[in-house]
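Listed here are the chains, written in short residue letters.
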Amino acid sequence: DYTGLDRWIARLYYDFDKSKWPFAKNPTTVLAYNLSKELIIAFGVLLLGLFFYSFKNYHLAPYHRILLFLIICLIIVPSEIGLLKSFFYKARPEQAIEFGGKLPHTRLFEFLWREKDATNWPGGHASGGAALLAIYFPLRERSKTLGYLGLAFALLYWFGMSWIQVMRGQHFMSHNLWTLWFAW
């Protein structure tokens with residue numbers, strides 16, 4: 001955040017002439033925002049179904065612990081990020097004075113304690129993608145290559161979820177990087 005990179009990236013997506021975020025209500029980015037979140041939820045429901053089914057199917061029985069681990073990670077990471085968001089107050093780009101909002105931009109560990117609607121740090125939407133980092137560990141047990149492929153997939157998914165929010169003016173990229181760090 002001290003490099004100015006956060007605001008530089010945000011400026012790429014803000015239309016200063018029209019004083020708006022063109023991607024904020026763009027149907028494609030809204031669809032991508034909703035779909036990426038729903039896919040994480042569907043993955044969690046699938047894992048939960050497989051976990052319960054594994055008690056009946058002896059082929060899946062060896063995967064009880066792995067399935068439970070992944071389910072717990074998909075619950076804990078977004079919950080952890082949600083909890084942190086409820087305590088630390090930072091303006092999102094669309095709320096920042098620089099981008100037509102009313103709140104000052106704050107740097108790392110500078111918070112807006114009196115602004116209760118500035119619950120934007122760390123990035124909540126990206127927490128679903130960051131929770132997918134958990135797939136690295138069971139895949140690594142099979143092979144290092146599978147582990148790295150799972151990690152690459154998780155990072156790409158997290159990055160996509162993060163970038164959508166950056167484009168919409170909902171988060172600075174550093175908010176999502178902190179989400180990734182907390183998830184790891």
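The coordinates are above.
Residues numbered from 1 in each chain as written. Predicted model: local features only at pLDDT ≥ 70, side-chain atom pairs only at ≥ 80, totals over all residues. Heavy atoms only, no water.

(A) Seen up close, empty space enclosed by the protein. Taken as a whole and assessed by the stated rule, the structure comprises two cavities of 30 Å³ or more. Lining the second largest cavity are F43, L47, L70, C73, L74, A131, L132, A134 and I135. Of all the secondary structure elements, the ones that give two or more residues to the lining of the second largest cavity are α2 (27-53) and α3 (64-87). Of all the elements, α3 adds the most residues to the lining of the second largest cavity, at three residues. (1 Å grid on protein atoms, 1.4 Å probe; cavity = no way out; pocket = protein on both sides within 12 Å on 5 of 7 lines; lining within 4 Å. Points joined across faces, edges and corners; volume = space filled by probe spheres on them. Helix = DSSP H or I, 4+ residues; strand = E, 2+ residues; numbered from the N terminus.)

(B) Representation of the layout of surface pockets. By volume, the largest pocket is sized at about 250 Å³. Lining the largest pocket are 13 residues, with Y63, I66, L70, P138 and L139 sitting closest to its centre. If you list the elements that add at least two residues to the lining of the largest pocket, you get α2, α3 and α5 (136-142). Looking at the lining of the largest pocket element by element, the count peaks at four residues for α5. For the lining of the largest pocket, the residue count by class is eleven nonpolar, no polar and two charged. (Nonpolar A, V, L, I, M, F, W, Y, C, P; charged D, E, K, R; others polar.)

(C) A look at helix α1 (residues 5-13). All buried positions along α1 are accounted for by D6, I9, A10 and Y13. The buried residues of α1 occupy one face: seen down the axis, they fall within an arc of 100°. Elements in contact with the buried residues of α1: α6 (144-167) and α7 (173-183). (Buried < 20%, exposed > 50% of the residue type's maximum accessible area, 1.4 Å probe, protein only. Arc of directions from axis to C-beta. Contact = heavy atoms within 4.5 Å.)

(D) A look at the environment of G100. Within the secondary structure layout, G100 lies in the loop between α3 and α4 (126-131). Once the C-alpha coordinates of G100 and I72 are considered, the two residues, 28 residues apart in sequence, prove to be 40 Å apart.

(E) Layout of the pattern of salt bridges. Applying the stated criterion across every chain yields a total of four salt bridges. R11 serves as the salt-bridge partner of E98, at 2.7 Å between the closest nitrogen and oxygen. Of this pair, E98 sits in the loop between α3 and α4 while R11 sits in helix α1, and the two are 87 residues apart along the sequence. A relative accessible area of 29% means that E98 is categorised as partly exposed. (Salt bridge = Lys/Arg side-chain N within 4 Å of Asp/Glu carboxyl O.)

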